[in-house]
Amino acid sequence: MTQNRPWIPYLLILPSVAFLALLFVVPLVQTIWLALSDNGAPSLANAERMVTDINFTRSVRNTFLLTIVVVPVQIAIALAMGTMVSKVGRGRETILWIWTIPLGISDLAAGLVWLSILQNTGYFNSLLFSLGVIGRQASWLSYQTPIALFIAIAVAEIWRGTAIVMVIIVAGLNQVPKEFKEAAEIFGAGPWTRFWRITLPLIRPALQSALILRTVLAFEVFAVVYALGGRNFPVLVGEAYNWQNQNQNYSVAAVYAVLIMIISLAATLIYLKALKVDPERLP
Amino acid sequence: MANIVIDRIRKSFGAFQALKEVSLTINDGEFVSLLGPSGCGKTTLLRIIAGLETSTSGDVRIGDRSIIGLAPKDRGLAMVFQNYAVFPHMTVYENVAFGLRMQKADDTRVKAQVEKAAGLLHIEPYLDRYPNKLSGGQRQRVAVARALAVQPKVLLMDEPLSNLDALLRLEMRTELKTVLQSAGTTTIYVTHDQTEAMGLSDRIAVMHNGVVEQVGHPVEIYNHPATRFVGGFIGNPPMNFIKVPVSNGQVAAGEEQLAAPKDVGNEIVLGLRGEAVELAPLPQGLEMKVRVAEPMGSHLLLTGSIHDQPVRVILPASETVKSGDTIGLKLDSKRITWLSPESGKSFPALLA
Ligand SMILES: Nc1ncnc2c1ncn2[C@@H]1O[C@H](COP(=O)(O)OP(=O)(O)OP(=O)(O)O)[C@@H](O)[C@H]1O
Ligand SMILES: [Mg+2]
């Protein structure tokens, strides 16, 4: 047994560790070095260059704004969807299947779908025109309509990214035995009280996972933004992409990459702390 | 008034009939047990009364008001769940306090009620703990305390003491009985355990395959089971059923002739409680072949056969019967139940 050969677990884990080290840690170290060095010597010159670029503040602000708007809406919608579908008996699988369709679409494709809806000659304008709401083609995605552009991107992101949250939440809800809600109901709790005082605390682990995953992904938003707004709506990953491809400056791109990583790690830590899951209080 | 009227309740899950026209009336302040084997529909019936399950047809009235269609919280009852359903994310204190909090009771009342219920169920030491760390029996008592804390008019309990050790169970059930009686709580108590049902109940409803087979006072059910199932389910050892020939309306038990019910065929089933016999010399008594004699201290348990059919009888501990003996038994004719061999139902006409 394994007691006699304690190295067996390590042996079995080794390939995955080696794989990760090779393909993740090495590039990570390289990126960090690329970001924090200049001509082979440690330096903050790249960071300075990033911070003083006119798009830097806008991209930070846009990314955070988008995250702050999109993630809570996605969680709320996913909770509503999960709660509703748990009441459904027959056809539940079909509904879930339809709801998870956006999961199978790449983010660039999703961006292009929404582009075809919202561009000047798109479906949205056609609809508004035929209803007589607008007299001529309106533009929603230009730099002159920043609020419309923001809303368009937020809507596209919400449409694309809610499914994964819902999948996690539905899995969490399935773990909660119905007797807890029934007991609460018998002892006088209405639907809202049951949701806030029973369901939500009991799906805390799922909620935590969903929040971490979605927030990290939200900080990495790129393709949808790029498809809809191009450079009219700078975001962090978009800037990294531009520095790398347009400006051919790999070092500043690397600083962006490191910054995104730090923000994601910080967000994860905050969630882990704020939504601490106490194993003692789980079913 | 909180009398409960269960009126021709049916419940089907798909093609399966879990309850087949169950009717039962429970008077205000009465303690009624639902007793029956696993899967007979006890929990389903409780859930219908509580409003957690909709019946396929039929009506339930509490205090002469139909509660079908009312939300569970508007039915004015409390329930102890078979699997406890104690909230894992709340302390024991908050669990017990839950119903009172929902009623917006002030803190002094909550505290008083929680302490009273916790004291009764001996769970004060755990009030600050989370249920996760408690044993099954402790959690079960939290569930009972949570239900008692709201001082309900109607209390539904689904095997609330099943996980306690014998000693604690005995103590708890006495205390439960006292509290519920003094509060005048109308109680439906589900149990597998017949001694519990016998000891606690004003009346017992014996259920089997989705049907209430008999409702009555524990002693009445014990002595005069309405069906073969009830006789076999209640009592330890269960009632003996011996198929005997009838000639001229009489059944021979040794030299004694017992009067059989009128209008029976040439066979009848004699239902005999194991202790409703005494030793008699042969051939005067009914012949029994003893296969095993087990001295139990308080009594002597004999397993064997009468008319080649298996029986178990109980004699005083002082009798000296050994395994392999053939003995004679005198039957207590007043304690015999006659049952139809076809339907398995007893002949009620003779009970009077
Ligand atoms: N939701 C359901 N769907 C299908 N069948 C069910 C459902 N709930 C109960 N049943 C069936 O109904 C019958 C009665 O179940 P119930 O839980 O009422 O039994 P019980 O008398 O409480 O048994 P136990 O003593 O084991 O708790 C069982 O055969 C069970 O399989
Ligand atoms: Mg049950």
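Cut-offs applied
Residues numbered from 1 in each chain as written. Chains lettered and ligands numbered in written order. Predicted model: local features only at pLDDT ≥ 70, side-chain atom pairs only at ≥ 80, totals over all residues. Heavy atoms only, no water. Phe/Tyr/Trp six-rings, centres within 6.5 Å; stacked < 30°, edge-to-face > 60°. Helix = DSSP H or I, 4+ residues; strand = E, 2+ residues; numbered from the N terminus. Buried < 20%, exposed > 50% of the residue type's maximum accessible area, 1.4 Å probe, protein only. Near = heavy atom within 4 Å. Polar contact = N/O pair within 3.5 Å; in protein donor to acceptor, adjacent residues only side chain to side chain. Areas by Shrake-Rupley, 256 points an atom, 1.4 Å probe, with all protein chains shown as cover. Nonpolar A, V, L, I, M, F, W, Y, C, P; charged D, E, K, R; others polar. Donors = N, O, S within 2.8 Å, 3.2 Å for Na, K, Ca; no water. Contact = heavy atoms within 4.5 Å. Domains from an automatic or database assignment. Buried area = accessible area lost by both parts, 1.4 Å probe. Salt bridge = Lys/Arg side-chain N within 4 Å of Asp/Glu carboxyl O.

**Some details on the packing of aromatic side chains**
Per the stated rule, a full pass over the model turns up 14 aromatic pairs over all chains. Summarising the aromatic geometry, the rings of A:Phe150 and A:Phe233 are spaced 6.0 Å apart at their centres and angled 45° between planes, so their arrangement reads as tilted. Of this pair, A:Phe150 sits in helix α7 (residues 146–174) while A:Phe233 sits in the loop between α11 (223–229) and α12 (236–245); the two residues are 83 residues apart in sequence, bridging distant segments of the chain. Residue classification places A:Phe150 among the buried residues on the basis of a relative accessible area of 17%. Note on A:Phe233: relative accessible area 6%, which makes it buried. When the centroid spacing of 6.4 Å and the interplanar angle of 50° are considered together, the rings of A:Phe180 and B:Phe87 count as tilted. Taken together, the positions of A:Phe180 in helix α8 (residues 178–186) and B:Phe87 in the loop between β6 (77–80) and α2 (92–102) put the pair across two chains. Like B:Phe87, A:Phe180 is buried.

**A closer look at the site of ligand 1**
Residue and element names in this part refer to chain B. As a matter of local geometry, ligand 1 sits amid 13 residues, with Ser38, Gly39, Lys42, Thr43 and Thr44 nearest to it. Between ligand 1 and the protein, one listed contact pairs an oxygen atom with a side-chain N or O atom of Ser38 at 2.5 Å. At 3.4 Å, a side-chain N or O of Glu159 approaches an oxygen atom of ligand 1. When isolated, ligand 1 has an accessible area of 630 Å², and the protein chains bury 63% of it. Among the elements of the structure, β2 (16–26) and α1 (42–50) are those that each provide at least two residues to the shell around ligand 1. In terms of residue count, α1 provides more of the shell around ligand 1 than any other element does, 3 residues in total. Grouping the amino acids of the shell around ligand 1 by side-chain chemistry returns 4 nonpolar, 7 polar and 2 charged.

**A look at the coordination of the magnesium ion (ligand 2)**
For the magnesium ion (ligand 2), every protein donor is listed as B:Thr43 (OG1) and B:Gln82 (OE1), and the spread of their distances is 1.8 to 2.3 Å. Of this pair, B:Thr43 sits in helix α1 while B:Gln82 sits in the loop between β6 and α2; the two residues are 39 residues apart in sequence, bridging distant segments of the chain.

**Structural notes on the environment of A:Phe233**
Distance from A:Phe233 to A:Pro146, taken between C-alpha atoms, is 8.0 Å for residues 87 residues apart in sequence. Not counting chain neighbours up to four residues away, the residues in contact with A:Phe233 comprise A:Asn62, A:Leu66, A:Leu149, A:Phe150, A:Ile153 and A:Val225.

**A word on α12(A)**
Among the residues of α12(A), A:Leu236, A:Gly238, A:Glu239, A:Ala240, A:Asn242 and A:Trp243 are the ones counted as buried. Considering only its buried residues, α12(A) is in contact with α2 (45–52), α3 (54–86) and α13 (250–274) of chain A.

**A word on the domain arrangement of chain B**
Residues and elements named next belong to chain B. Domains assigned within chain B are domain 1 (4–228) and domain 2 (238–339). Summarising the inter-unit geometry, the C-alpha centres of domain 1 and domain 2 are found 39 Å apart. Opposite the 7 residues of domain 1 that make contact, domain 2 presents 9 residues. Approximately 660 Å² of surface area, both sides summed, lies buried where domain 1 meets domain 2, with 50% of it carried by carbon and sulfur atoms. Three residues, Tyr222, Pro225 and Arg228, lead the burial of domain 1 against domain 2; their summed loss comes to 74% of the area buried on that side. Run the count over domain 1 and domain 2 and you get 0 salt bridges. Where domain 1 meets domain 2, there are 4 residue pairs in polar contact (both at pLDDT 80 or more).

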